[in-house]
Structure formats: C-alpha cells, structure tokens
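Close look at the chain arrangement
In case you want the letters, here they are:
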Amino acid sequence: MEQGRSGNRKDTRVEITTFDFEEHGDERGILISLEENKNIPFTLRRCYFMYNTQPGVSRGFHAHKTLRQVLICVRGQCRIILDNGREKAEVLLDRPNKGLYLSSNIWRVMTDFSEDAVLMVLADQLYDEADYIRNYDDFLAWVRETGEEA
Ligand code: T46
C-alpha cells in the first residue's frame, strides 16, 4: 500500500481474478462450457492456444492497451506472472476448470510450461498488433499516463 495523490491509501497490489468453471461430470468424464457474458465476462471475439512450448521457454513480455482475456490451461500446467507496474503476482494454472482474467494494463509473462501444457486464451478483440505494448519502459510510461495500474 502507498499514499495516493488524493490522500487516500492506495492499494498497489495486482488484482487477481480467477474463475472455477462448473464441471458437468458423469460416468463418461467431464465437460466444461464457456459462454460469453456468462462465465466469461465479455463478448468473445477470438480464441487462440499455444502448445509444444519448449523447455525453459517463457512467453508474453508485453501488456495490452485495451484487450481483455481469460487464460485456461486446458492440459498440463503453466505459471502466469502479472505485473501492474508496481507489484507482481503469480498464478499457477494447473487444472482445466480454472480461468484467469487478464485485464489490459498488465504486463504478463507465461512461464514454467509443463511438456504437455496447452494454454488456451479467450479474448474480447481480434488480433491487433497496435494494441500491444512490447517495451517495458513504454508500459511503465503508459501506466503513469493513464493511471491505470490494475
Ligand atoms: C497475450 C498472451 C497471453 C496472431 O497472428 N494472431 C493471434 O491471435 C495471436 C495471439 C498471435 N499471432 C501471431 C503474432 C506472432 O507472430 O502469433 C505470433 C506469436 O504471438 P506472440 O509472440 O504475441 O505470443 P505470446 O505467447 O507472447 O502472447 C500471446 C498473445 O499474443 C498476447 O495477446 O496476452 O499470449
């Protein structure tokens, strides 16, 4: 915590929002359904996923200006490091019924992928390179300008 400009105590911690998706299980196994504006908190415009991530590789190292996403490791596990420009936090995604909400103004690193990891991402916008902030100093400047540390 630190003193905000208004004199109020300002919480600098990274806000973590995770979801436990409902599992529809029976003797055949388990099914999870993801629906926009229901258990996913936005309208879905895009889904992508990454797999075959090589040992020791970390991905990400960027933030977004406006994109909102939900990350789900549907197989295996990986760790997500979130950085709001002031504080860092880590979330382990290690089960397919767990989702992590990722707001735009977070510098993110995906790391510690297990060999079998499949990381699926649901996004509220189509792919747009102009929405990326790929330089950490630019990210810090963006956070200062917008006052949008999460
Ligand atoms: C994010 C994290 C969690 C596309 O052509 N379309 C797409 O929808 C995406 C996501 C990527 N690409 C291309 C762009 C690059 O040539 O695929 C290549 C790899 O993308 P990038 O290096 O940005 O991937 P990551 O794993 O570092 O980051 C991705 C997302 O790009 C990003 O939005 O938040 O996953």
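Notes on the structure in this doc start here. (Residues numbered from 1 in each chain as written. Predicted model: local features only at pLDDT ≥ 70, side-chain atom pairs only at ≥ 80, totals over all residues. Heavy atoms only, no water.)

1. Here's the deal with the pattern of salt bridges
The following threshold applies: Should a side-chain nitrogen of Lys or Arg be within 4 Å of a carboxyl oxygen of Asp or Glu, the pair is scored as a salt bridge. To qualify as a helix, a DSSP run of H or I must reach at least 4 residues; to qualify as a strand, a run of E must reach at least 2; elements of each kind are numbered from the N terminus. Three exposure classes are used, based on accessible area relative to the maximum for each residue type with a 1.4 Å probe and protein chains only: buried under 20%, partly exposed in between, and exposed over 50%.
In this structure the tally under the stated criterion is seven salt bridges. Between E90 and R79 there is a salt bridge, with the nearest N and O atoms lying 3.6 Å from each other. Here E90, found in strand β10 (residues 88–93), pairs with R79, found in strand β9 (residues 78–83); they are 11 residues apart in sequence, far enough to count as distant. The shortest N-O distance in the salt bridge between D112 and R79 comes to 2.9 Å. Here the residue D112 occupies a position in the loop between β12 (107–111) and β13 (118–123), and R79 occupies one in strand β9, the gap between them amounting to 33 residues. On the basis of relative accessibility, which here comes to 45%, the residue D112 falls in the partly exposed class.

2. What about the nonpolar core?
Note the threshold: Think of a nonpolar core as a cluster: buried Ala, Val, Leu, Ile, Met, Phe, Trp, Tyr and Cys residues, connected wherever their side-chain atoms sit within 4.5 Å. Note on definitions: a residue-residue contact is assigned when non-hydrogen atoms from the two residues lie within 4.5 Å.
Grouped together as the largest cluster of nonpolar side chains are 18 residues, with contacts concentrated most on L71, I80, L82, L93, L100, F113 and L119. For L71, the contacting residues outside a window of four places in its chain are I80, L93, K98, G99, L100, L102, L119, M120 and V121.

3. Quick notes on unusual backbone geometry
If you check the backbone angles, N52 has positive phi at about 60° while not being a glycine. Secondary-structure assignment places N52 in the loop between β6 (46–51) and β7 (59–64). A positive phi angle, close to 50°, is found at D112, a residue other than glycine.

4. Considering the site of the ligand
Note the cut-off: Throughout, the term near means that a residue has one or more heavy atoms lying within 4 Å of the molecule or strand in question. Within 3.5 Å is the distance limit for a polar contact, defined as a pair of N or O atoms, with the added protein rule that one can donate a hydrogen and the other accept it, and that residues adjacent in sequence qualify only through two side-chain atoms. To measure how exposed things are, a 1.4 Å probe is used in the Shrake-Rupley method; for residues, cover is taken only from the protein chains shown.
Taken together, 13 residues sit near the ligand, with R46, R59, H64, Q69 and Y132 positioned nearest. Here R46 contributes a side-chain N or O atom positioned 2.5 Å from an oxygen atom of the ligand. In the model, an oxygen atom of the ligand is placed 2.6 Å from a nitrogen or oxygen of the H64 side chain. Isolated, the ligand exposes 650 Å² of accessible area, and the fraction of that covered by the protein chains is 68%. Every element with two or more residues in the shell around the ligand is listed here: β6, β7 and β12. Top contributing element to the shell around the ligand by residue count: β7, with four residues.

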